[in-house]
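# Fold and geometry: a report
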Amino acid sequence: MIALENVTAGYGPRTVLQGVELHVAPGEFLGILGPNGCGKTTLLRVISGVLPTSAGTSSLRGINVRHFGRRRLARTVAYLLQEFTLDLAFTVHEVVLLGRSPHLPRFGNESKRDFQIAQQAMDRADVAHLADRLFPAISGGERQRVLLAMCLAQEPEVLLLDEPTSHLDIGHQLSMLDLIARLNREAGVTVAAVFHDLNLAAEYCQRLLLMDRGRVAALGTPVEVLTPETIGSVYGVAVRVDRNPLSGKPQVVLAAGLSHSRQPLGPNPAAAPQSPLPQGS
Amino acid sequence: MMTARKNLLLFAVLLAALAAACTLAVLCGAVRVPLREMADSSIARLRAARVLLAAVTGAALSTSGVIFQAILRNPLAEPYVLGISSGAGLGEACAIVFGLHAVGAWTVPGMAFAGALGTILVVYALARTAAGGVPAQTLLLSGAIVHAVLGSLLMFLVSVAPSEDLHNVVWWLLGNLQVLDWQLLRVVALVVVVGLAMAFLLARDLNLLALGEEPAAHLGLHVERTMQVFFLLASLVTGATVAACGLIGFVGLIVPHTVRLMIGPDHRRLVPAAALSGAAFLVLADTFARTVMAPLEIPIGVITAMLGGPFFLFLLKRRTFAFRS
C-alpha cells in the first residue's frame, strides 16, 4: 500500500529524511517512533504526497504520488494533523462535511450521499451527538475525534495520524486508539501513526518503525524494535523492557535519573539504579 | 447546515433590504424632488449612479474582507487595515499625476489594481514566518507600516503635483462616492461584478483555506494556486473601487463580521450575503452622509471609520472569530 524507496526529503537546503526504505501492507497498523526532530512528521508528509521527495520515490498502491492529482490523493489518504486550530465558528457537522471536499464536483455542493457518509463518519468517531456544537467550543478530546471523523468522511484507504493522542488524558487516549484500531481491523484502513508513547505504540501497532536523525534505526514487530539496546542508542536513556501483564506486549519501563545513559539496564531491577549512571551526571 | 429553503429566504431578505436601501437613497438628498417628477429628473439619474457606485463599492470591500479574513486566517484582515487601499490609492495617484488617465478608462483602475496587488504581496511577505504561518500581530504591524509609507508617498505626490491634477484630493482620500466619470463607473462595476461572481464560484475553497494551508492541502486543494487566485480577485475589486471613490475604510471589517455572526462562516453563503449586505450598508451610510448635514456632505470614509474604528478595537480585544448566534 505504502512504499518508500530510498527517500530523501527536507525543506529547502535542510535535509530531514535520508535514504528511508519502508513498505506497508494494505490493512497494516504501523507505529512511527523516534526522538523529537528525527523526521516523523516529515515522513508522514512524504507518504501523504504534500511534501515532494528530493530523491527516491514515494508511492501508494504502486503509483508514484507525483502522478496522483491533489484531489485523488485526498480521496486515497487522510491526514490527522498534530496541531490544528480553527477560530471560525464552524459547527462539528460542517467540519466533518469538509472531509467530503475531494469527492465533490468542482463547482457542486454536497449530495444526499455526502451527508450520509458524513453522518456515518460522525457515528463511527462517536461525535454524532456533537453535530450542532461549534467546533471552537468543544474540548480537546472531542476535537481530535471530530477531526478523525473528518478524515473518515474522506473515505481514505490510508490514514496518517500525527500524534493522535498527544494532548489527551489516558481515558481519551485509549478511546481514540481503540477507535482507530477498530477502523483498521473492520474497515481495513491502512494506518500509519506517529507516537511519542512507546508503550501505547507497542499495544496497538503490528509493526513499529523507529527513526533516528532522519534514518530508519529499526523496523519490525514491537518485540523486535523495543529492546533496551535500540532504545538506549536512539533516545539516550537506559530502560528496561518488560511484558505488559495484561496484553503480553512489550512494555518499556523508565526510572528517574537515567537519561544520557545509553547502556541498557540489566534484568534485575534492584541493580538498575546504581550501575548505568555515567560519571558526573 | 441550512436547507435550500432557508438559503432562499435569506437571499430574498437581503435582496429586498438592498432594494429598499437603494430606493430610499434615490429619494433622499439635499434637493427635494417631488415624487412624480422623480422618474425623469436628472437629479434622480445622478443619485442612481451614485447609489450604484456605493452598492458596487460596498459589495467589493465586504467581499475582499471576507476573502482576506479566510485566506490569512485572521479576523482583522481587511483591505484598508492591510494597507491595500492606500497601495491602490498610490497607484491611482501615479496614474493621474503622470497623465496616464488620458490613455483610456482602464488605465486608472488598472494602476490602482497593480498598487493593491503589489501592496498585499509585500505585506504578506513581510508578515509570513519561516514556518509558513501569518501571525496576526506581524500581519497588522506590517500592514500598518506599509500603510504609513504608502500614505506618505501619496502625500508627497499630492504636494508636488500641479494642483489641477489632484484637486479635491483630500475629498478623495477620505472616500467620495460622487460619480465624476461615467465611463469609469461602468468599468468599475463590470470589474466588481465579474470579480464577485468568481469569488462566489470559488467560495467553497475559502472554507478549506480557512482551516489552514496544510489541512486544505490534505483535503485536495491546490493551496498555492488557490491563494494566488484569491489575492488577485480581492486586489482587483479593491483596486477598482479605490479608483472610483478613494479610500473607504473598515467596510470589509464591519460587514463580514456582522454577517458571519448571523449566518455562520460557510463561505458559500457568507460571500454572497456579505456582498449584498455590504452594498446595502454603504448605500445607507452614503445616504446618511449626504443628508444629515445637508447641503454639507460628510466624507463617507469618515462615517465608516467612526463606525469601524471601535469595532476593530472590539475585535482586537476578542482576537477570535468564534462567535455565532
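Just so we're clear, the structure is a prediction, and the values are computed from it rather than from any experiment.

Each helix and strand counted, chain A has nine helices and 12 strands in total. Here the contacts in chain A between residues at least 6 apart in sequence split such that 64% fall between residues at least 24 apart. When the accessible surface of chain A is totalled, it reaches about 12300 Å², and 52% of it is carbon and sulfur. Once the 26 positive and 25 negative side-chain charges of chain A are each reduced to a mean point, those two points are 6 Å apart.

Enumeration over the complete set of coordinates arrives at 16 salt bridges over all chains. Among the salt bridges present, the one from Arg240 of chain A reaches Asp242 of chain A, with a minimum N-O distance of 2.7 Å. With its nearest N and O atoms 3.3 Å apart, the salt bridge here joins Arg128 of chain B to Glu213 of chain B. With Arg128 of chain B in the loop between helix H4 (107-127) and helix H5 (136-160) and Glu213 of chain B in helix H9 (residues 213-218), this residue pair connects regions lying 85 residues apart in the sequence. Given a relative accessible area of 31%, Arg128 of chain B falls into the partly exposed group. Each of the salt bridges in this network shares a partner with another, and the network as a whole consists of Arg100, Arg113, Asp114 and Glu155 of chain A.

All names here are of chain A. Relative to the helices and strands, Asp162 resides in strand S7 (residues 158-162). Spatially, the C-alpha atom of Asp162 lies 9.7 Å from that of Arg45, the residues being 117 residues apart in sequence. Apart from the residues within four sequence positions on either side, Asp162 is in contact with Thr41, Leu44, Tyr79, Leu80, Leu81, Gln82 and Val194. Polar side-chain contacts of Asp162 include one of 2.8 Å to the side chain of Thr41.

Attention now goes to the sheet that holds strand S3 (residues 29-33) of chain A. Residue and element names in this part refer to chain A. Taken in spatial order, the six strands make up an open sheet running S6-S7-S8-S3-S9-S10, and their pairing is mixed. At either end of the open sheet lies a strand with only one pairing partner, and these are strand S6 (77-80) and strand S10 (215-220). Taking each pair of neighbouring strands and ignoring which way they run, the sheet shows an average axis angle of 15°. Across four bridges, S6 lies against S7 in parallel orientation. From the neighbouring strand, Val77 faces S7, where its bridge partner is Val158.

Per-residue confidence for chain B gives a mean pLDDT of 84; residues scoring 70 or more make up 88%. The ipTM value of the predicted complex is 0.88, and its pTM value is 0.88.

Bringing the pairing of strand S1 (residues 2-11) of chain A into the picture now. Residue and element names in this part refer to chain A. For S1, a buried count of seven out of 10 residues is recorded, marking the element as mostly surrounded by other parts of the structure. Where S1 and strand S2 (residues 14-24) come together, seven bridges link them in antiparallel fashion. Across the sheet, the residue bridging to Tyr11 is Arg14, located in S2. From the end of S1 to the start of S2, which pair antiparallel, there are two residues, and Gly12 there has a positive phi angle of about 60°. Bridge count between S1 and strand S4 (residues 55-60): five bridges; the pairing is antiparallel. Bridged to Ile2 within S4 is Leu60.

This part is about the side chain of Gln144 of chain A. All names here are of chain A. Mapped onto the fold, Gln144 is located in helix H5 (residues 140-153). The exposure class assigned to Gln144 is buried, which follows from its relative accessible area of 12%. One polar contact links the side chain of Gln144 to the main-chain carbonyl oxygen of Pro164, over a distance of 2.9 Å. In contact with Gln144, other than residues within four places in its own chain, are Leu80, Glu163, Pro164, Leu168 and Met176.

A word on the packing of helix H2 (residues 42-71) of chain B against helix H12 (residues 267-291) of chain B. All names here are of chain B. At a closest axis distance of 7 Å, the pairing of H2 and H12 adopts a crossing angle of 135°. What the angle tells us is that H2 and H12 run oblique. For the crossing formed where H2 meets H12, the hand is right-handed. On the side of H2, the interface is formed by Arg47, Arg50, Val51, Ala54, Ala55, Thr57, Gly58, Ala59, Ser62, Thr63, Val66 and Ala70, while H12 contributes His267, Leu270, Val271, Ala274, Ala275, Gly278, Ala279, Leu282, Val283, Asp286 and Arg290. Split by residue class, the contact of H2 with H12 holds 13 nonpolar, six polar and four charged.

Looking now at a nonpolar patch on the surface. Residue and element names in this part refer to chain B. There is a patch of nonpolar side chains on the surface, built from Trp106, Leu190, Val194 and Met198 and spanning about 400 Å² of accessible area. The topology assignment puts Val194 in helix H7 (residues 182-201). Classification of Val194 as partly exposed rests on a relative accessible area of 44%.

Residue and element names in this part refer to chain A. Of note in the backbone geometry, Asn6 takes a positive phi value of approximately 50° without being a glycine. Summarising the element assignment, Asn6 is placed in strand S1. We classify Asn6 as partly exposed; its relative accessible area is 47%. Phi at Glu163 is positive, roughly 45°, even though this residue is not glycine.

All names here are of chain A. Strand order in this open sheet of four strands is S2-S1-S4-S5, and the pairing throughout is antiparallel. Taken across any chain shown, the strands that pair with only one partner, and hence form the sheet edges, are S2 and strand S5 (63-64). Packed on one face of the sheet, helix H1 (residues 40-48) meets S1, S2 and S4 and runs near 120° to S1.

To continue, consider the state of the cysteines. Applying the stated criterion across every chain yields a total of zero disulfides over all chains. Between Cys205 of chain A, a free cysteine, and Cys38 of chain A, which holds the nearest cysteine sulfur, the sulfur-to-sulfur gap is 15 Å. Classification of Cys205 of chain A by relative accessible area gives buried; the value is 6%. Cysteine Cys245 of chain B remains unbridged, with the sulfur of Cys22 of chain B as its closest cysteine sulfur at 15 Å.

Next up on the list: the pairing of S7 of chain A. All names here are of chain A. With respect to burial, S7 is a largely interior element, five of its five residues being buried. Residues Val158, Leu160 and Asp162 of S7 are buried on one face, and the alternating residues Leu159 and Leu161, pointing to the opposite face, are buried as well. Two strands pair when backbone bridges link them, and S7 and strand S8 (residues 190-194) are joined in this way by five bridges, in the parallel orientation. Its bridge partner lying in S8, Val158 is registered against Thr190. This β-α-β element, S7 to helix H6 (residues 170-187) to S8, shows right-handed connectivity.

Thresholds applied
- Along each chain, numbering runs from 1 in the same order as the chain's sequence is written.
- The naming scheme follows written order: chains are lettered A onward, ligands numbered 1 onward.
- Two thresholds apply to this predicted model, a pLDDT of at least 70 for residue-level local features and 80 or more for giving and counting side-chain atom pairs, whereas whole-chain, interface and lining totals are computed over all residues.
- To get the side-chain values, all heavy atoms of the structure are used, and hydrogens and water are removed first.
- Think of it this way: any DSSP run of H or I at least four residues long counts as a helix, any run of E at least two long counts as a strand, and we number them from the N terminus.
- Any two residues whose heavy atoms approach within 4.5 Å are treated as being in contact.
- The accessible surface values rely on the Shrake-Rupley method and a 1.4 Å probe; as for residues, cover is taken only from the protein chains in view.
- Asp and Glu are treated as the negative residues and Lys and Arg as the positive ones, with His and the ends of the chain left uncounted.
- Just so you know, the charge point we use is NZ for Lys, CZ for Arg, CG for Asp and CD for Glu.
- In what follows, salt bridge is the name for a side-chain nitrogen of Lys or Arg lying within 4 Å of a carboxyl oxygen of Asp or Glu.
- When accessible area is computed with a 1.4 Å probe and restricted to protein chains, residues below 20% of their type maximum are described as buried, those above 50% as exposed, and intermediate ones as partly exposed.
- N or O atoms closer than or at 3.5 Å make up a polar contact, with two conditions inside protein: a donor-capable atom paired with an acceptor-capable one, and, for residues adjacent in sequence, both atoms drawn from side chains.
- DSSP-based pairing: two strands are paired if at least 2 bridges between them are found.
- To obtain an axis, a line is fitted to C-alpha atoms, over the contacting stretch when the element is a helix, and the angle between two such axes runs from 0 to 180 degrees between their N-to-C directions.
- Note on scores: pLDDT gives the predictor's confidence for each residue, bounded by 0 and 100.
- Here the angle decides the label: under 35 degrees means roughly parallel, over 145 means roughly antiparallel, 65 to 115 means roughly perpendicular, and every other value means oblique.
- Crossings are sorted by hand: turned counterclockwise from the far helix by less than a right angle, the near helix makes the crossing left-handed, and turned clockwise it makes it right-handed.
- Here the term charged refers only to Asp, Glu, Lys and Arg, the term nonpolar to Ala, Val, Leu, Ile, Met, Phe, Trp, Tyr, Cys and Pro, and the term polar to all other amino acids, Gly among them.
- Residues enter a patch when their relative accessible area is above 30% and they make no salt bridge; the linking distance is 9 Å between like charges and 5 Å between nonpolar side chains (Val, Leu, Ile, Met, Phe, Trp, Tyr).
- Count a disulfide wherever a pair of cysteine sulfur atoms falls within 2.5 Å.
- Here a crossover is taken to be right-handed if, once the strands point away from the viewer, the path from the first strand over the helix to the second is traced clockwise.

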